[in-house]
Structures are given as structure tokens and as C-alpha cells.
Amino acid sequence: MYRSRFTENLDEHTLDYLSSISDDKEIVLYDILGSQAHTIMLYENKIITKKEARKILSSLEKLKKENLSIKSDSEDIHELIESLIIKKAGKQAGGKMHTARSRNDQVSLDIRMRIRDDINTICSCLLDMIETLVSLAEKNGNAIMPLYTHLQQAQIGFFSHYLLAYADALFRDLDRFYGTYGRVNESPLGAGPVGGTSLQIDRQSTAKMLGFKGLIENSIDATSTRDFVAEYVGQIAILMTNLSRLAEDFIIWSTSEFSFIELSDKFASTSSVMPQKKNPDILELTRGKTAQVIGYQMAILSNLKGLPTGYARDLQQIKTLIWPSSKIAISALLVNNAMLKSMKVNKHKMKKAIDSGYSISLDIAERLVKKGVPFRTAHMIIGKLVQSAANLKKPLSSLSPSEIRKSLGKYKMEPKELYGIIQSMNAYSLLEQRTSHGSSGRSEQKRMILDRKKKIQAYVIGTVKRTNEIKAAFENLAAKTRTMSK
Ligand code: ARG
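Residues numbered from 1 in each chain as written. Predicted model: local features only at pLDDT ≥ 70, side-chain atom pairs only at ≥ 80, totals over all residues. Heavy atoms only, no water.

### Comments concerning the pattern of salt bridges
By the definition in use, this model includes 25 salt bridges. Note that Arg 103 is salt-bridged to Asp 76, the shortest N-O span being 2.7 Å. Within this pair, whereas Arg 103 is found in helix α5 (residues 103-139), its partner Asp 76 is found in the loop between α3 (50-65) and α4 (77-94), the two being separated by 27 residues in sequence. The class of Arg 103 is partly exposed, set by a relative accessible area of 22%. Arg 114 serves as the salt-bridge partner of Asp 118, at 2.9 Å between the closest nitrogen and oxygen. In this pair, Asp 118 and Arg 114 are both assigned in helix α5, 4 residues apart and thus about one turn of the helix distant. The same class applies to Asp 118 as to Arg 114, namely buried. Among the ionic contacts, a cluster of salt bridges with common partners joins Glu 75, Asp 76, Arg 103 and Arg 313. (Salt bridge = Lys/Arg side-chain N within 4 Å of Asp/Glu carboxyl O. Helix = DSSP H or I, 4+ residues; strand = E, 2+ residues; numbered from the N terminus. Buried < 20%, exposed > 50% of the residue type's maximum accessible area, 1.4 Å probe, protein only.)

Put into C-alpha cells, the structure is as follows:
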């Protein structure tokens with residue numbers, strides 16, 4: 001449709017190479033909505049007549065209901081829709097729809113509208129998953145486990161503490177998406193190809209009709225930039241990295257060696273050949289899909305870094321990477337959330353791991369500190385004690401006073417006193433005394449659970465509000481379109 005300055009057409013392979021039409025399936029509806037708002041604005045600003053607007057709007061409305069066949073010789077959805085509108089409304093009216101805009105502001109508009117919706121979906125999935133983590137923390141309030149560093153037992157803690165750590169990481173993801181939303185929610189429509197238009201358009205009015213908070217003002221910036229896409233996919237890469245680490249823990253914890261958790265059969269896979277297998281494939285796919293999104297993010301930044309300012313067709317390849325990124329984020333959240341809800345927590349296995357290890361050591365050392373022993377000395381004393389117990393293949397609590405005396409060596413400490421301290425301590429009581437802010441202590445768990453529940457509520461309200469704002473704008477636009485089409 002655009003090729004009036006040429007004498008030859010694109011051949012089949014070249015068109016296929018050039019065309020973004022298969023990726024554009026994801027933005028058809030946004031393109032139609034954008035065109036409706038633009039048409040209404042053109043009429044309201046006396047650039048087209050009411051009759052012309054009516055013809056265009058009713059054709060767009062018809063198109064909305066049709067199953068668009070993307071098989072055409074159009075290069076993209078913008079060309080296809082415009083050519084269909086011209087066919088339906090005639091050249092006199094339909095040929096005016098593309099007045100005072102360009103595919104360059106149009107494609108950026110469609111992408112922004114789509115990402116805006118995807119962010120709201122991701123935020124609500126994130127909230128669901130955070131809620132699951134917090135309620136699991138509450139439900140498993142008594143489950144204690146070794147906390148790990150270097151994947152070696154480090155300190156005793158509550159399982160709830162672990163779950164809340166991921167709730168907090170996901171809260172930060174949520175917060176990042178929240179911030180990004182504000183930067184995506186700005187309308188580029190009417191920026192034209194790059195430098196604006198001499199026609200008296202009203203960009204604020206189309207922005208408002210489409211539910212945008214405001215404009216991406218500078219027309220060069222509006223048409224050139226995809227930094228908002230890099231930001232969005234970057235946030236997805238960070239979110240997926242968080243989910244991937246959780247997946248890695250659960251893969252380890254679901255081995256028969258650990259057995260801290262067991263996935264529900266609904267979320268397990270088996271082997272084509274070994275009938276006994278219960279494999280955590282969905283968790284492995286979370287790791288795998290994370291790698292994929294990190295690759296997308298790398299591709300986006302590589303695409304952008306050397307581009308001259310102004311639209312270049314390279315940008316089309318960025319669009320391709322957005323939809324699968326959104327899909328990965330949304331499905332990973334849905335599946336992992338459902339997996340969490342249905343998994344079995346083996347509290348006794350977690351407790352058993354504590355009993356067979358020495359993760360109580362630091363707490364014992366701190367008891368000595370409370371009695372005035374310098375921390376470094378306490379560290380050395382308990383280190384010696386662990387050495388003896390490990391040699392004797394027993395837990396610290398099974399060391400007798402005389403075994404303790406032997407291990408104390410040069411350290412001046414009454415073995416009976418140390419024996420008494422060790423005997424007086426158990427995993428549960430020491431967690432009552434772990435009171436530092438944000439620690440595994442019982443009181444901190446209670447406080448953090450309560451606090452996170454309140455935080456969820458605040459975000460739910462915000463997310464629903466944003467979704468409703470878009471919905472209300474679209475309903476108004478539909479009403480306006482109906483009135484004008486009469
Ligand atoms: N199909 C293009 C894209 O996805 C739309 C914009 C084309 N603009 C242009 N001047 N060639 O990016």
C-alpha cells in the first residue's frame with residue numbers, strides 16, 4: 001500500500017523477511033483501540049468530518065469482531081488494518097485514518113498498551129504468589145530447619161524465615177514492576193514519524209482516551225526509545241532469577257537425600273524408562289526459562305546500543321522478544337505458585353537434619369558471650385567441641401562432661417558449666433531467644449508475617465486501581481465510538 005515511489009514489489013521471501021505480521025497478532029486489539037481514539041481526536045479537532053469519522057469507526061468496530069487473517073502482502077499489522085479500513089470505509093474516509101500519525105508512534109503505542117496490561121497481570125500473579133509464601137510461613141510456623149551458606153548447614157532457623165525471604169524478594173520485584181508501569185504508561189501517539197506534525201492534533205486527548213497517565217512528550221524520544229522494553233524485560237529477568245534460585249533449592253530439597261519437601265504428583269514428571277522416578281521438571285524449566293529471558297534481555301540491549309536516533313527497522317526485532325518474556329513470567333508465577341500450594345513439607349526431615357549436624361554452634365558460642373567470654377574465644381572453644389563431637393560421630397548434646405573437659409584443653413572454662421549450657425539448649429528454645437531484627441527468631445517471624453500481610457493488601461488495592469483505570473478508559477472509548485457511529 002505504501003510503495004508508490006517504487007516500480008517493483010517485494011518478492012515473497014523478502015516480504016517474509018521484512019514482515020512483523022506474525023508477531024503483531026499480539027497487538028491487533030491495541031492497534032484498533034489506538035486507531036479509534038486517534039480517529040475521534042481527528043474529528044474533534046476538525047481534521048476529518050463527522051461522516052468520515054463515523055465510517056472509519058464503524059469499520060474498526062467491525063474489524064474488532066472479525067478473525068483477522070494475517071495472510072496478506074502487508075508488512076505489518078498497521079498496514080494491514082489501514083488497508084482493510086480503506087476497503088470497508090472507502091478511500092475518501094478510510095484514507096484519512098492515518099493522518100497525523102506514523103507507524104513509528106503507532107507501534108510504540110501498541111507495545112506500551114500491551115506491556116501495561118502485562119505488568120498488571122504480572123503484579124497480580126506476584127501478589128498471589130507472595131500471599132502463598134506468607135500463608136505457608138504462617139501454616140508451617142513450627143517447622144525448623146538448617147539454614148545454609150555454601151550449601152553447608154549454617155544456623156538453625158524457621159522454614160517460615162526462608163519463605164518470607166522469598167516473599168520479600170518478590171515484593172521488590174513487584175515494586176520494580178510498579179515503577180516501570182509509570183514509565184510505560186505514557187502515550188507516544190501523535191509523535192508522527194519523528195518530528196511531529198503541522199496539523200492541529202491534540203495528543204493529550206488521545207492519551208486520555210487510551211487511559212494513559214500522560215505523554216511521552218518529545219516526539220524524537222517517543223518514536224526512538226525502547227528503553228522501557230529493556231527495563232520491562234530486565235525486571236522479568238530479575239524476577240525469573242529469584243524464582244530460579246527458589247527452584248534450585250526445591251530441586252535439592254526434593255531429592256531423596258534431603259526430602260525436606262515433596263512435590264505433588266500434579267507437578268512432578270517421570271521417566272520414560274525408570275518407573276520409580278519423580279522428577280521436578282517444572283522447577284528445572286524455571287531455571288531453563290530464566291536463562292532464556294536473560295538471553296532476550298541481552299538481545300534487546302545489543303539491538304539498541306548502536307542504533308542511530310530515530311526509528312530503525314532493527315526495533316522490530318525487539319518487539320518479538322516481549323511476548324515470550326511476558327508469557328514466561330506469567331506462567332512461571334502461576335505454576336510455581338500452584339506448586340507451592342500443593343507441596344508437602346516434611347517437618348520431621350528438616351528437624352532430623354538439624355539433629356545430625358552442628359548448626360547450633362553459633363547459638364552456644366553466643367551463650368558464652370553472654371557470660372562475658374570474648375566472642376573469638378567462644379568461637380575457638382565451640383570449634384574444638386565440634387571437632388571432638390565429629391570425631392566421636394555424635395551430636396554436641398551427647399558429649400559427656402569429661403569429653404568436654406578433654407576438648408577444652410587450654411581454655412579456662414568449667415566443663416560442667418558448658419555441659420549444662422549445652423543441655424539447657426534446644427532448637428526451639430534458642431529460636432525464642434533469637435530476637436535480632438529480621439532474624440529467624442519466633443517473635444520476629446510473627447511480626448514479619450503480620451507486616452507482610454498488610455503490605456500485600458496495600459499492593460492489591462493499587463493493582464486493582466490501575467487495572468480499573470484502563471478498563472474505565474476503554475469503556476468510555478467504546479461508548480464514544482458507539483455514539484459517533486450512530
Ligand atoms: N512493523 C514495524 C515494527 O514493528 C512498524 C514500524 C515500521 N515503521 C517504519 N517506518 N518502517 O517496528
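### As for the packing of α3 against helix α18 (residues 442-485)
Contact pair α3 / α18: the axes reach a minimum separation of 9 Å and the direction vectors enclose 125 degrees. Comparing the axis directions of α3 and α18 gives the class oblique. Crossing geometry of α3 relative to α18 is assigned as left-handed. Taken together, the residues of α18 that come into contact with α3 (itself represented by Ala 53, Arg 54, Leu 57, Ser 58 and Glu 61) are Thr 481, Met 484 and Ser 485. When the residues that make up the contact of α3 with α18 are grouped by side-chain class, the tally is 3 nonpolar, 3 polar and 2 charged. (Axes fitted to C-alpha atoms, helices over the stretch in contact; angles between N-to-C directions. Parallel < 35°, antiparallel > 145°, perpendicular 65-115°, else oblique. Left-handed = near helix turned anticlockwise from the far one by under 90°. Contact = heavy atoms within 4.5 Å. Nonpolar A, V, L, I, M, F, W, Y, C, P; charged D, E, K, R; others polar.)

### Some thoughts on a positive patch on the surface
On the surface, a cluster of positive charge is made up of Lys 50, Lys 51, Arg 54 and Lys 55. With respect to the helices and strands, the residue Lys 50 is situated in helix α3. According to the relative accessible area criterion, Lys 50 is partly exposed, its value standing at 39%. (Patch = residues over 30% accessible without salt bridge, like charges linked within 9 Å, V, L, I, M, F, W, Y side chains within 5 Å. Areas by Shrake-Rupley, 256 points an atom, 1.4 Å probe, with all protein chains shown as cover. Lys, Arg positive; Asp, Glu negative; His and termini not counted. Charge placed at Lys NZ, Arg CZ, Asp CG, Glu CD.)

### Looking at the pairing of strand β1 (residues 144-149)
Note: β1 against strand β2 (residues 152-158), 6 bridges, orientation antiparallel. Within the sheet, the bridge partner assigned to Met 145 lies in β2 and is Gly 157. Once β1 ends, the chain turns through 2 residues before running back antiparallel as β2, passing His 150 with a positive phi of about 55 degrees. (Pairing = 2+ DSSP bridges.)

### A short note on a nonpolar patch on the surface
On the surface, Leu 362, Val 369 and Phe 375 cluster together to form a nonpolar patch covering roughly 200 Å² of accessible area. Among the structural elements, Val 369 can be located in helix α13 (residues 361-370).

### Some points on the site of the ligand
In the vicinity of the ligand, the residues found are Ser 20, Asp 76, His 78, Arg 103, Asn 104, Val 107, Tyr 311, Arg 313, Gln 316 and Lys 319. Within the side chain of Asn 104, one N or O atom sits 2.9 Å away from a nitrogen atom of the ligand. The side chain of Gln 316 places a nitrogen or oxygen atom 2.8 Å from a nitrogen atom of the ligand. Residue assignment for the shell around the ligand shows that the elements contributing at least two residues are α5 and α11 (316-342). Of the residues that constitute the shell around the ligand, the class distribution is 2 nonpolar, 4 polar and 4 charged. (Near = heavy atom within 4 Å. Polar contact = N/O pair within 3.5 Å; in protein donor to acceptor, adjacent residues only side chain to side chain.)

### So, α3
Over its 16 residues, α3 extends 23 Å from the first C-alpha to the last, a length consistent with the 22 Å expected when each residue adds 1.5 Å. Among all positions in α3, only Glu 52, Ala 53, Ile 56, Leu 57, Ser 59, Leu 60 and Leu 63 are buried. Taken down its axis, α3 places every buried residue within 165 degrees of arc, on the same side. Every exposed residue of α3 that faces more than 90 degrees away from the buried side is listed here: Lys 51 and Lys 65. Against the buried residues of α3 lie α2 (28-44), α4 and α18. (Expected span 1.5 Å × (residues − 1). Arc of directions from axis to C-beta.)

### As for the packing of aromatic side chains
Tallied over the full model, the rule gives 12 aromatic pairs. Geometrically, the ring pair formed by Tyr 162 and Tyr 166 is tilted, given 5.2 Å between the ring centres and 50 degrees between the ring planes. You can see Tyr 162 and its partner Tyr 166 sitting in helix α6 (residues 159-184), 4 residues apart, about one turn around the helix. Classification of Tyr 162 as buried rests on a relative accessible area of 12%. Centroid distance Tyr 178 to Tyr 459: 5.2 Å. Interplanar angle 85 degrees. Geometry classified as edge-to-face. Placement of Tyr 178 in helix α6 and of Tyr 459 in helix α18 is noted, with a sequence separation of 281 residues between them. In this pair, the class of Tyr 178 matches that of Tyr 459, namely buried. Through a chain of ring-to-ring contacts, the aromatic side chains of Tyr 148, Phe 159, Tyr 162, Tyr 166, Phe 250, Trp 253, Phe 258 and Phe 260 assemble into a single cluster. (Phe/Tyr/Trp six-rings, centres within 6.5 Å; stacked < 30°, edge-to-face > 60°.)

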